[in-house]
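Structural overview for review
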Amino acid sequence: MAAATSAQPFRLGLTGGIGSGKSTVGMRLAQRGAALIDADAISRSLTAAGGAALPVIAQVFGNDLIAGDGALNRPRMRELVFANTQTRQQLESILHPLIAEQTRQQYAAAVATGCKLVVHDIPLLVESGRWRQDLDGVLVVDCRESTQVERVMARNGLSVDAVRSIMHAQASRAQRLAAADWVLYNDEGVTIEALDAFTDQIAAWFGL
Ligand code: ADP
C-alpha cells in the first residue's frame, strides 16, 4: 500500500455489500471532514435528465432508452443488461470514462481544499478491478449475509428473494474480505452509536 505524502490526501476505498452499513460509515467520515466521492451518485447524475451519458446512450441503444422525463429508462436498461453481457459491457464502456472524469474533478477539488482524507465510496470496488490502482487502502464494512437481508428488507421494503438476488449479483463476503486492508465489523452487538464511534476513530487515525 502506498503511503500518502503530506501534500496529498489518503485515498481510501470504502466498500461493503448492500446493507453492510457502508453509506452510514461514508456519511460519518464526511461529517468528520473527509471528502466523500460517491461512485453511485456520480453514475446516477450521469444518467439523470440532462446527464452527460444520455446522448451517447441514446445514440448507441436507441431513443427508447430515454424515459419521458428525459432520464435513462432504468427498468428497460436493466432488462437489456441482464439479458446480454455484451450490452452491459457497452454501457460500462460509455459510463466508466465519464465516472472516472467526474471522480478526477472531485478529487482535484478535495486536494485544492487541503483535505487529508478522500473516501471513495464504491459499492462494486471488488467486482470492478479498475479502481484498486487509484487507492491507497481499502476499508470493507462487513456483516453476516443474514444481517444484510434483514437490513435491506427493513430499509427498502423488499422481499427476501429480491434482496438475495441483489446480493447474488455482488461479490461474496469472502471475496470482499480478501480485498480489504481494514475491516469494520458492523453486526450483532454493534449499535449505530458504536459504529459512529468506530468511524470517528478511523477519522482520527487519518488526522481528522
Ligand atoms: P449500505 O450503504 O451498505 O447499503 P447503509 O449504511 O445504508 O448500508 O445501512 C443499511 C441500513 O442498516 C440502514 O437503514 C442503516 O441505518 C442500518 N444500519 C447500519 N448499521 C447498523 C447498525 N450497526 N445497527 C442498526 N442498524 C444499522
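Reading guide: rules and limits
Throughout this document, residue positions are counted from 1 along each chain, in the order its sequence is written. The predicted origin of the model limits local features to residues at a pLDDT of at least 70 and limits the giving and counting of side-chain atom pairs to 80 or more, whereas totals for whole chains, interfaces and linings rest on all residues. Side-chain numbers here rest on the full set of heavy atoms in the structure, without hydrogens or water. UniProt positions are given in the numbering used here, feature names are shortened, and annotations may be inferred rather than shown by experiment. In DSSP terms, a helix is any run of H or I states spanning at least four residues, a strand is any run of E spanning at least two, and both are numbered starting from the N terminus. With C-alpha atoms as the basis for the radius of gyration, the globule rule is written as 2.2 Å multiplied by the number of residues raised to the power 0.38. Burial status follows relative accessibility: with a 1.4 Å probe on protein chains alone, a residue under 20% of its type maximum counts as buried, one over 50% as exposed, and anything between as partly exposed. What makes two residues a contact is simply this: any of their non-hydrogen atoms within 4.5 Å. For the charge count, each Lys or Arg is scored as positive and each Asp or Glu as negative, with His and the chain ends excluded. Positions of charges follow a simple convention, taking NZ of Lys, CZ of Arg, CG of Asp or CD of Glu. To define a nonpolar core, start from buried Ala, Val, Leu, Ile, Met, Phe, Trp, Tyr and Cys residues and group those joined through side-chain atoms within 4.5 Å. Domain borders in the structure are assigned automatically or taken from a domain database. One heavy atom suffices: a residue is near a molecule or strand as soon as one of its heavy atoms comes within 4 Å of it. N or O atoms closer than or at 3.5 Å make up a polar contact, with two conditions inside protein: a donor-capable atom paired with an acceptor-capable one, and, for residues adjacent in sequence, both atoms drawn from side chains. Each accessible area is a Shrake-Rupley estimate made with a 1.4 Å probe; only the visible protein chains count as cover when residues are assessed. Summed over both partners, the accessible area lost on bringing two parts together, with a 1.4 Å probe, is the buried area. Classification convention: Asp, Glu, Lys, Arg as charged; Ala, Val, Leu, Ile, Met, Phe, Trp, Tyr, Cys, Pro as nonpolar; all other residues, Gly among them, as polar. Only strands joined by at least two bridges in the DSSP assignment are considered to pair. The axes are straight lines fitted to the C-alpha atoms, using for helices just the contacting stretch, and the angles between their N-to-C directions are given from 0 to 180°.

Under an unreviewed UniProt entry, the name given to the chain is Dephospho-CoA kinase, and the organism recorded is Comamonas resistens. Under the UniProt heading Function (unreviewed entry), the entry covering the chain gives this text: "Catalyzes the phosphorylation of the 3'-hydroxyl group of dephosphocoenzyme A to form coenzyme A." Quoted verbatim from the Sequence similarities (unreviewed entry) field of the UniProt record, the comment on the chain reads "Belongs to the CoaE family."

Looking only at helices and strands, the chain features 9 helices and 5 strands. The helix and strand sequence of the chain, counted from the amino end, reads β-α-β-α-α-α-α-β-β-α-α-α-β-α. Taken over the C-alpha trace, the chain has a radius of gyration of 18 Å; the compact-globule value for 208 residues is 17 Å, and the two agree within 12%. Structurally, the chain occupies a C-alpha span of about 50 × 40 × 30 Å along its principal axes. Scored against the burial criterion, the 208 residues of the chain give a buried share of 40%. The contacts of the chain with a sequence gap of at least 6 include a subset with a gap of at least 24, amounting to 72%. Computed over 19 positive and 21 negative side-chain charges, the inter-centroid distance for the chain is 2 Å.

A few words on the nonpolar core. Of all hydrophobic cores here, the largest spans 27 residues; its most connected members are Ile-57, Phe-61, Met-77, Leu-91 and Trp-131. For this core, the secondary-structure elements that each account for two or more residues are strand S2 (35-38), helix H2 (39-46), helix H3 (54-61), helix H4 (74-83), helix H5 (85-112) and strand S4 (137-142). It is H5 that contributes the most residues to this core, 6 residues altogether. The residue makeup of this core includes at least three contributed by each of domain 1 (1-34 + 115-208) and domain 2 (41-114).

When the UniProt feature table is mapped onto this chain, "binding site: ATP" (unreviewed entry) is found at Gly-19, Ser-20, Gly-21, Lys-22, Ser-23 and Thr-24. In this fold, Gly-19 is placed in the loop between strand S1 (10-15) and helix H1 (22-31). In this structure, Lys-22 sits in helix H1. If we ignore the near neighbours within four places in the chain, the residues touching Lys-22 are Leu-14, Thr-15, Gly-16, Asp-121, Pro-123 and Val-141.

Turning our eyes to something else, we now look at the site of the ligand. Close to the ligand lie 15 residues; Gly-19, Ser-23, Thr-24, Arg-155 and Asn-186 are nearest. Thr-24 places a side-chain nitrogen or oxygen 2.6 Å from an oxygen atom of the ligand. For the ligand, whose free accessible area comes to 560 Å², the fraction covered by protein is 75%. Broken down by secondary-structure element, the contributors of at least two residues to the shell around the ligand are H1, helix H6 (145-156) and helix H9 (192-205).

Once that is clear, we can look at the domain arrangement of the chain. Accessible area lost upon the coming together of the parts is a frequently used measure of interface size. According to the domain assignment, the chain contains domain 1 (1-34 + 115-208) and domain 2 (41-114). Centre-to-centre, using C-alpha coordinates, domain 1 lies 23 Å away from domain 2. Every contact between the two is made by 9 residues of domain 1 and, on the other side, 8 residues of domain 2. Taken over both partners, the interface formed by domain 1 and domain 2 buries close to 730 Å², and the fraction arising from carbon and sulfur atoms is 65%. For the interface between domain 1 and domain 2, the tally reads 3 residue pairs in polar contact (both at pLDDT 80 or more). Residue composition of the side of domain 1 that touches domain 2, grouped by class: 4 nonpolar, 2 polar and 3 charged.

Read across the open sheet, the 5 strands follow the order S2-S3-S1-S4-S5; overall the sheet is parallel. Each edge of the open sheet carries a strand with a single partner, namely S2 and strand S5 (182-185). Averaged over neighbouring strand pairs, the angle between their axes works out to 25° when direction is ignored. In the sheet, S1 pairs with S4 via 4 bridges, with the strands oriented parallel. Its bridge partner being in S4, Thr-15 is matched across the sheet by Val-140. Docked against the sheet, H5 engages S1, S2 and strand S3 (117-121), running at close to 175° with respect to S2. Running over the sheet, H9 touches S4 and S5 and is turned about 155° from S5.

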